[in-house]
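Listed here are the chains, written in short residue letters.
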Amino acid sequence: MSYNEDNNSGKILLAVLAGASAGIVAGLLMAPDKGSATRGNLKNYAGKYSDQLNDTLSKLGTQLDTSFKSLTEKLEDLGVTGAGSSLNMKGDWNVSKGKLKQQYAQLTDDDLVYTEGAADDLVGRLQDKLGKSKREIVKLLNDL
(Lines give C-alpha, C1' and ligand atoms only; values in the text may rest on other atoms or scores of the structure.)
Protein backbone atom coordinates (compact mmCIF):
# COMPACT_ATOMS: atom_id res chain seq x y z
CA MET A 1 0.00 0.00 0.00
CA SER A 2 1.32 3.36 -0.88
CA TYR A 3 1.01 6.60 0.98
CA ASN A 4 -1.47 7.90 -1.59
CA GLU A 5 -3.95 4.97 -0.99
CA ASP A 6 -3.85 5.42 2.81
CA ASN A 7 -4.47 9.13 2.38
CA ASN A 8 -7.53 8.49 0.17
CA SER A 9 -9.01 6.02 2.70
CA GLY A 10 -8.61 8.56 5.47
CA LYS A 11 -10.29 11.25 3.37
CA ILE A 12 -13.23 8.96 2.63
CA LEU A 13 -13.65 8.05 6.30
CA LEU A 14 -13.46 11.72 7.30
CA ALA A 15 -16.08 12.65 4.67
CA VAL A 16 -18.47 9.89 5.87
CA LEU A 17 -18.15 11.01 9.51
CA ALA A 18 -18.62 14.67 8.56
CA GLY A 19 -21.73 13.82 6.50
CA ALA A 20 -23.26 11.72 9.29
CA SER A 21 -22.59 14.48 11.83
CA ALA A 22 -24.13 17.10 9.57
CA GLY A 23 -27.22 14.89 9.09
CA ILE A 24 -27.67 14.41 12.82
CA VAL A 25 -27.33 18.12 13.53
CA ALA A 26 -29.75 19.02 10.72
CA GLY A 27 -32.27 16.44 11.98
CA LEU A 28 -32.13 17.82 15.50
CA LEU A 29 -32.50 21.42 14.36
CA MET A 30 -35.39 20.77 11.96
CA ALA A 31 -37.41 18.22 13.99
CA PRO A 32 -41.01 19.51 14.28
CA ASP A 33 -41.65 18.25 17.81
CA LYS A 34 -39.88 16.87 20.81
CA GLY A 35 -39.48 13.10 20.94
CA SER A 36 -42.14 12.78 23.64
CA ALA A 37 -44.64 14.74 21.56
CA THR A 38 -43.92 12.60 18.50
CA ARG A 39 -44.35 9.41 20.53
CA GLY A 40 -47.64 10.79 21.92
CA ASN A 41 -48.91 11.52 18.41
CA LEU A 42 -47.99 8.02 17.26
CA LYS A 43 -49.77 6.54 20.27
CA ASN A 44 -52.93 8.56 19.51
CA TYR A 45 -52.95 7.46 15.86
CA ALA A 46 -52.40 3.85 16.86
CA GLY A 47 -55.28 4.01 19.35
CA LYS A 48 -57.62 5.54 16.79
CA TYR A 49 -56.82 2.97 14.13
CA SER A 50 -57.02 0.18 16.68
CA ASP A 51 -60.60 1.19 17.56
CA GLN A 52 -61.54 1.35 13.88
CA LEU A 53 -60.00 -2.06 13.24
CA ASN A 54 -61.82 -3.52 16.25
CA ASP A 55 -65.18 -2.18 15.00
CA THR A 56 -64.56 -3.50 11.49
CA LEU A 57 -63.57 -6.95 12.78
CA SER A 58 -66.63 -7.05 15.03
CA LYS A 59 -68.93 -6.29 12.08
CA LEU A 60 -67.19 -8.90 9.93
CA GLY A 61 -67.55 -11.48 12.71
CA THR A 62 -71.27 -10.82 12.95
CA GLN A 63 -71.67 -11.09 9.18
CA LEU A 64 -69.70 -14.34 9.10
CA ASP A 65 -71.79 -15.80 11.92
CA THR A 66 -75.01 -14.90 10.11
CA SER A 67 -73.73 -16.31 6.82
CA PHE A 68 -72.56 -19.51 8.50
CA LYS A 69 -75.92 -20.08 10.17
CA SER A 70 -77.72 -19.47 6.89
CA LEU A 71 -75.48 -21.90 5.02
CA THR A 72 -75.88 -24.53 7.73
CA GLU A 73 -79.65 -24.27 7.48
CA LYS A 74 -79.47 -24.60 3.68
CA LEU A 75 -77.30 -27.71 4.02
CA GLU A 76 -79.81 -29.19 6.45
CA ASP A 77 -82.66 -28.40 4.04
CA LEU A 78 -80.81 -30.12 1.21
CA GLY A 79 -80.16 -33.15 3.41
CA VAL A 80 -76.38 -32.80 3.21
CA THR A 81 -76.10 -32.56 6.98
CA GLY A 82 -78.51 -33.93 9.51
CA ALA A 83 -81.06 -31.73 11.20
CA GLY A 84 -79.67 -30.55 14.49
CA SER A 85 -76.07 -30.35 13.36
CA SER A 86 -76.30 -26.63 13.95
CA LEU A 87 -77.17 -26.91 17.66
CA ASN A 88 -75.16 -24.22 19.39
CA MET A 89 -75.58 -24.19 23.16
CA LYS A 90 -74.44 -20.87 24.60
CA GLY A 91 -74.73 -19.16 27.94
CA ASP A 92 -75.88 -20.49 31.29
CA TRP A 93 -77.95 -23.65 30.83
CA ASN A 94 -79.83 -23.05 34.10
CA VAL A 95 -81.15 -19.73 32.76
CA SER A 96 -82.14 -21.38 29.49
CA LYS A 97 -83.82 -24.20 31.41
CA GLY A 98 -85.88 -21.67 33.36
CA LYS A 99 -87.01 -19.99 30.14
CA LEU A 100 -88.05 -23.33 28.66
CA LYS A 101 -90.03 -24.24 31.79
CA GLN A 102 -91.84 -20.88 31.61
CA GLN A 103 -92.75 -21.44 27.96
CA TYR A 104 -93.62 -25.12 28.31
CA ALA A 105 -95.11 -26.04 31.68
CA GLN A 106 -95.12 -29.77 30.87
CA LEU A 107 -91.30 -29.93 30.93
CA THR A 108 -89.64 -31.38 34.03
CA ASP A 109 -86.08 -31.21 35.31
CA ASP A 110 -85.51 -34.74 33.99
CA ASP A 111 -86.57 -33.62 30.52
CA LEU A 112 -84.07 -30.78 30.59
CA VAL A 113 -80.96 -32.65 31.72
CA TYR A 114 -78.10 -31.57 29.45
CA THR A 115 -74.61 -32.98 29.50
CA GLU A 116 -71.78 -31.89 27.24
CA GLY A 117 -71.70 -33.98 24.08
CA ALA A 118 -75.18 -35.43 24.61
CA ALA A 119 -77.22 -32.74 22.89
CA ASP A 120 -78.99 -35.34 20.73
CA ASP A 121 -80.46 -36.95 23.86
CA LEU A 122 -81.82 -33.60 25.03
CA VAL A 123 -83.26 -32.85 21.58
CA GLY A 124 -84.90 -36.29 21.47
CA ARG A 125 -86.53 -35.86 24.89
CA LEU A 126 -87.82 -32.40 23.93
CA GLN A 127 -89.18 -33.77 20.64
CA ASP A 128 -91.16 -36.42 22.53
CA LYS A 129 -92.51 -33.99 25.12
CA LEU A 130 -93.30 -31.06 22.84
CA GLY A 131 -94.29 -32.92 19.68
CA LYS A 132 -92.03 -30.80 17.49
CA SER A 133 -89.55 -31.70 14.78
CA LYS A 134 -85.86 -31.94 15.48
CA ARG A 135 -85.27 -28.80 13.42
CA GLU A 136 -87.85 -26.85 15.46
CA ILE A 137 -86.27 -28.00 18.73
CA VAL A 138 -82.78 -27.05 17.55
CA LYS A 139 -84.02 -23.62 16.48
CA LEU A 140 -85.79 -23.19 19.82
CA LEU A 141 -82.60 -24.05 21.74
CA ASN A 142 -80.40 -21.85 19.57
CA ASP A 143 -82.75 -18.90 20.01
CA LEU A 144 -82.42 -19.14 23.79
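Sequence order as written defines the numbering, with residues in each chain counted from 1. Residues qualify for local features only when their pLDDT is at least 70, as the model is predicted, and side-chain atom pairs are given and counted only at 80 or more; totals for whole chains, interfaces and linings, by contrast, use all residues. For the side-chain quantities, the full set of heavy atoms in the structure was used; hydrogens and water were omitted.

### Brief notes about the pattern of salt bridges
Any carboxyl oxygen of Asp or Glu within 4 Å of a side-chain nitrogen of Lys or Arg constitutes a salt bridge here. Summed over all chains, the structure comprises 2 salt bridges. Note that Asp109 and Lys101 form a salt bridge whose closest N and O atoms lie 2.2 Å from each other. Here's how the labels work: a residue is buried when its accessible area is under 20% of the maximum for its type, exposed when over 50%, partly exposed in between, all with a 1.4 Å probe on protein chains only. On the accessibility criterion, Lys101 (32% relative accessible area) is partly exposed. In this structure, the salt-bridge partner of Asp111 is Lys129, at a minimum N-O distance of 3.4 Å. Of this pair, Asp111 sits in the loop between helix H3 (93-103) and helix H4 (119-130) while Lys129 sits in helix H4, and the two are 18 residues apart along the sequence. Judged by its relative accessible area of 37%, Lys129 falls in the partly exposed class. Secondary structure counts use DSSP, requiring at least four H or I residues in a row for a helix and at least two E residues in a row for a strand, with both numbered from the N terminus.

### Description of a nonpolar patch on the surface
A cluster of nonpolar residues, Val25, Leu29 and Met30, forms a patch on the protein surface that exposes about 370 Å² of accessible area. Counting through the fold element by element, Leu29 comes out in helix H1 (residues 3-30). By relative accessible area, Leu29 is classed as exposed at 70%. Only residues above 30% relative accessible area that lack a salt bridge enter a patch, with like-charged residues linked at up to 9 Å and the nonpolar side chains Val, Leu, Ile, Met, Phe, Trp and Tyr linked at up to 5 Å. Accessible areas in this description were obtained via Shrake-Rupley with a 1.4 Å probe; residue shielding takes into account the shown protein chains only.

### Regarding the side chain of Asp111
We classify Asp111 as buried; its relative accessible area is 10%. Within the local environment of Asp111, its side chain forms a polar contact with the backbone nitrogen of Thr108, the two atoms lying 3.0 Å apart. Any pair of nitrogen or oxygen atoms within 3.5 Å is treated as a polar contact; in protein, a donor-acceptor pairing is required on top of that, and neighbouring residues in sequence qualify only through side-chain atoms on both sides. Among the polar contacts made by the side chain of Asp111, one reaches the side chain of Lys129 at a distance of 3.4 Å. Filtering out sequence-adjacent residues up to four positions away, Asp111 remains in contact with Gln106, Leu122, Arg125, Leu126 and Lys129. Residues count as neighbours in contact if any of their non-hydrogen atoms are within 4.5 Å of one another.

Geometry only, nothing functional implied.
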